[in-house]
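Chain and residue survey
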Amino acid sequence: MTTPSTGTPATTSATPPAAPAGLDGETPKDLLPATGNYPTEIVRYRSVVLTDIPGAKPSRKLTGAIDLGEENLPFYDRPAEGMIVTTEQSWKAEGVTLGRLLHSLALAPGESTKVAVVDWQRGTKATGTENTAENDSLSSITDQNRSISEVANAIAREEQYGTSQASQASNSASSGGTFGTSLGIISGGASWSNSSNSGFTTAVSRSTGVKSVAAEAAQRIGARTQQLATAARSRNMTVVRETTQSEKEKVLTRVVTNYNHMHAMSVQYYEVVQVYSVTTKPTKLERCLFVPLQELTFTNTTLQRYKEVLASVAPAEWAKKIREANPFNTAERKLDACTAPEAPQAAHFDGVDLADIAASPMGVYGVRKSDGSPVRFDPVARQWNPLPTTGLDSGLIRIAPGKDTLWALRTDNLLVQFDGTTWRRDAQGWAGRSLTCGLDGTLYLIGMGNAIHYRDPNGVSHDTTVLADDITAVGRDKAWYCRQGRTYERSGSGWLERTPVPNVQRLSAGPEGTLWGITNEGKALVVEPGATAWTTPKPPFATITGMAEIVSSTNGDHWVLRTDGSLLRILMAQREAPVAFDAPPKADSSYASKIDVWYDEAGIRSIQVVFPGQTVRFGDSGGSGVLQRASYTFGPTDKLLSYDAWAGTGARGSLAGLRLTMTSGVANFGVAETTTAAPDLSEDAGGAALCGLFGATVKSGTRTYLSSLGFHVRGGSVPQAVLDHLNDNRRHYSQAVWANADELTLSRILANYSYTPAGSTAAAVPLGMLLDPKPVATTGNYLGFRWNFPTEQERETWAKARHQSDASLGASVTNTIAIATDGVFAEAVLGRANSAEKIDLTRFWNWKDSPIQITAPDIAPVATGTRAQNLDLSVAGLGTTAASFTPLVAMPDPTGLQAAQAITTANLFRDMSGLNTMGQVLTKGIEAAAAGDKAAGERAQDAMKTATQHLEKMAELAIQATKKATPAGAATNPTVTGGEINQAVKAATKA
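Note that the coordinates shown come from a computational prediction; the quantities given were computed from them, not determined experimentally. (Residues numbered from 1 in each chain as written. Predicted model: local features only at pLDDT ≥ 70, side-chain atom pairs only at ≥ 80, totals over all residues. Heavy atoms only, no water.)

Remarks on the pairing of strand β17 (residues 406-410)
Of all 5 residues that make up β17, 5 are buried, and the element is covered over most of its length. Here β17 shows no split at all, with Leu406, Ala408 and Arg410 on one side and Trp407 and Leu409 on the other all buried. Pairing between strand β16 (residues 396-401) and β17: 5 bridges, direction antiparallel. Among the inter-strand pairings, Arg398 is bridged to a residue of β17, identified as Leu409. From the end of β16 to the start of β17, which pair antiparallel, there are 4 residues. In terms of strand pairing, β17 meets strand β18 (residues 415-418) through 4 bridges, oriented antiparallel. (Buried < 20%, exposed > 50% of the residue type's maximum accessible area, 1.4 Å probe, protein only. Helix = DSSP H or I, 4+ residues; strand = E, 2+ residues; numbered from the N terminus. Pairing = 2+ DSSP bridges.)

A short note on helix α5 (residues 730-739)
Of the residues making up α5, those classed as buried are Tyr733, Ser734, Ala736, Val737 and Trp738. Buried residues along α5 sit against α2 (307-313), α4 (720-728) and β45 (782-786). (Contact = heavy atoms within 4.5 Å.)

A closer look at a nonpolar patch on the surface
Among the surface-exposed residues, Leu62, Ile66 and Leu68 lie close enough to one another that they form a single nonpolar patch of about 420 Å² accessible area. Position of Ile66 among the secondary structure elements: in the loop between β1 (39-52) and β2 (80-107). A relative accessible area of 62% means that Ile66 is categorised as exposed. (Patch = residues over 30% accessible without salt bridge, like charges linked within 9 Å, V, L, I, M, F, W, Y side chains within 5 Å. Areas by Shrake-Rupley, 256 points an atom, 1.4 Å probe, with all protein chains shown as cover. Salt bridge = Lys/Arg side-chain N within 4 Å of Asp/Glu carboxyl O.)

Brief notes about helix α3 (residues 316-324)
Every buried residue belonging to α3 is among Trp318, Ala319 and Ile322, and all of these are buried. Axial view of α3: buried residues confined to an arc of 105°, hence all on one face. Away from the buried face of α3 by more than 90 degrees, exposed residues Ala316, Glu317, Lys320 and Glu324 are located. Buried residues belonging to α3 abut α1 (300-305), α2 and α4. (Arc of directions from axis to C-beta.)

Observations concerning the confidence of the model for the protein chain
In the predicted model, the protein chain carries a mean pLDDT of 75, and 65% of its residues have values of at least 70. Every residue in residues 182-191 scores below 50 in pLDDT, and together they form 41 contacts with partners more than four places removed in sequence or on other chains. The model gives residues 208-218 a pLDDT under 50, and that stretch makes 34 contacts with residues more than four places away or in other chains. (pLDDT = per-residue confidence, 0-100.)

Dropping the structure here:
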């Protein structure tokens, strides 16, 4: 820049002159790239800390090493306070720098090389889901019914009488002639014939006689075919294939040459590193409360409820076992030894003839018919054995086993008693005609005057004026007697007659209360326990005749004594039809918590099982008999290990004893309470919990007994090792359950508790109103929740106190962090040593005369083909169905109508009139008459033919005559010719 020409040099101004108008100014600073001004990324994270455990005091001082293997350490049992500290990190980019040396390429002077850079990337993502279900069932219903009833009656009647008469007259006359004349061109001819024929035929046929055919067929066909078949196929297939493939390939080829003739050159490649300034500082504090939780005890129920959560945190081998375990798979376990035989069996004892028989819990006794000696049945050897006769002066006529002794009547009607070794006369000198003994030891005797006397168990005798023919004791302090065919029952101090009058002559009673009666016809009647009316017994008793007495033993067998003294043993007589019951478990029901059983001296009458929210009971608690009750309460994790059952006399062989061996103990009911058999404490089926019951009840008079029983069980498919593993590591698995608990469950639990901080005088508030039900942390058995403030002012006061006094908030910290990037920086550096020789004029030195061949060796071709793979998306086809239908069998054709078909057959009767023969004769006569007439007609036709030939000849002559009369050479045409012919014909006709 110059100044005006003043002869002085120009001076420089301190301030740059302004740019001339129209020129660009300096670059704006806001458009220049800069680093470190603003954070490029902000990250926030939270940490939860315990700040206070109110009331917790250390139980020991830390003076040495802590043993981590110490067991039975105390759990947290009080709430704890804590904070959630939110920390913020700010990342600011400060610049870039060079990182690691990745590669170095050295070139000699004048060296050239080729470099190929291949950048290849391929990503494949495939998701496949396939679900195929096949169902194949066969079901069809076909009914084919036919019922045919045939009754066919047919009579064919024929009457034939008559005479056959035939007369025929035939007259045939034929005449024929020919006449012809010609006059000039005119000619004529005639022919005629005459034929007549008459015939008369009469046929009368009649025959007499009777021919009858009678047939009667009756047929009834009833056929019913039912075929059930249904073919149904269901296919449910879901296939989802999601495939994403991306491929990127970049090939870059470059030639690198060192043009320097004097120095080597190295090309160095460095990674580019991004440098950040990271500032960390806490920005927010939140209050939280740690609530202590009790560790879970894992059972079948908790396993099913938290199965997926437990499997997700379990080792791989245990995760598979946990997922496969299904505690709600149900199974059935039916008790044995509690079902009576379906049908009775009979056994005959040949050669054993008795005069009397009786039974009691002591056994079955009898009096031999031949000598009156006493005998007793041995059920093991299945034979009758004689009893000692020491002290007997004569034979016996009646016998009656009692509670602890055996009574009998001698042939002289005196009462005797057997003490096990010797027979002795009654001390009171009783004598009678019949006797019986009750289960309580009461002795009933019908005296010689037919009056009833009885002796109670205390030995006190009582006389009555009631007359009887026979008597039997039924149960305790109960008796029936019969008098002149009528029966009476003792009620209190009186007797009531029972109807209808059955004409009973002999009575006996079974140990379960069944009353048997024998009529004078030798047939049996029965009164079921609790009933008052006589009924006809079921087979086989209803079909046996000639009976003298029926007795029942304690094992349910019955003995029939015939009038001839023979014996018949009925094993376990048939009972009433059982009524089934079933209480299956619900899909979400829990296990049984309690069982109650009611029973009497004969068997179990009723059972009741209590489930949470449901109680089921089967059987009854009414009817006669003294009921007893036993109960058992199951533990929360109780399992059924084994079970046993005993049959009794109730309803002729129903359930009398029940034992359930559980993991918590043994439950005995009925006769199982007095058995000496030891329970099985081993887990024979892995153990299972009771969740339902099934079985059947059976009626026996007014009583109801359990005829069969079984249980629905759950958990048998869960290995005990799985539950042991979960409980051995319950803290680990409990924490997983707590952390994944749903908010609704947690809020319902927290609503039942309240907490007041130490030193606070505010009223207690339910935790459900202050705590966020979503957990934020777990430590030990603590579960942490956000602890909200009732008011905003309290929150600010608490946060301010922590900012001023709590060092946990801390100060900001700034660090420099370098992060490698994908960028590469290359720089060429010349070597420091001279690689060329000095110029020698005697040598070749002019490189221009011989330039360096800058030709790099070729590199192998670079393959850029795709590397994508095809995914198989085909789906397996549905299998061939196995459904098929069975063809129906054809029904038989009816055969009962053959007789009727024979009657309707054509030509059933033979033609006896000869009418067909007469008709043939008449036909021949008519044919002969017709033949004569035919001959006459033929002769007439011949005459006509002759006349026609004559006429044609005359016409021909007429034509010739016409031609002669026509002038010669005249033109002739068809019309003229036709006219001439017609004229000639007319002329000939007139002639």
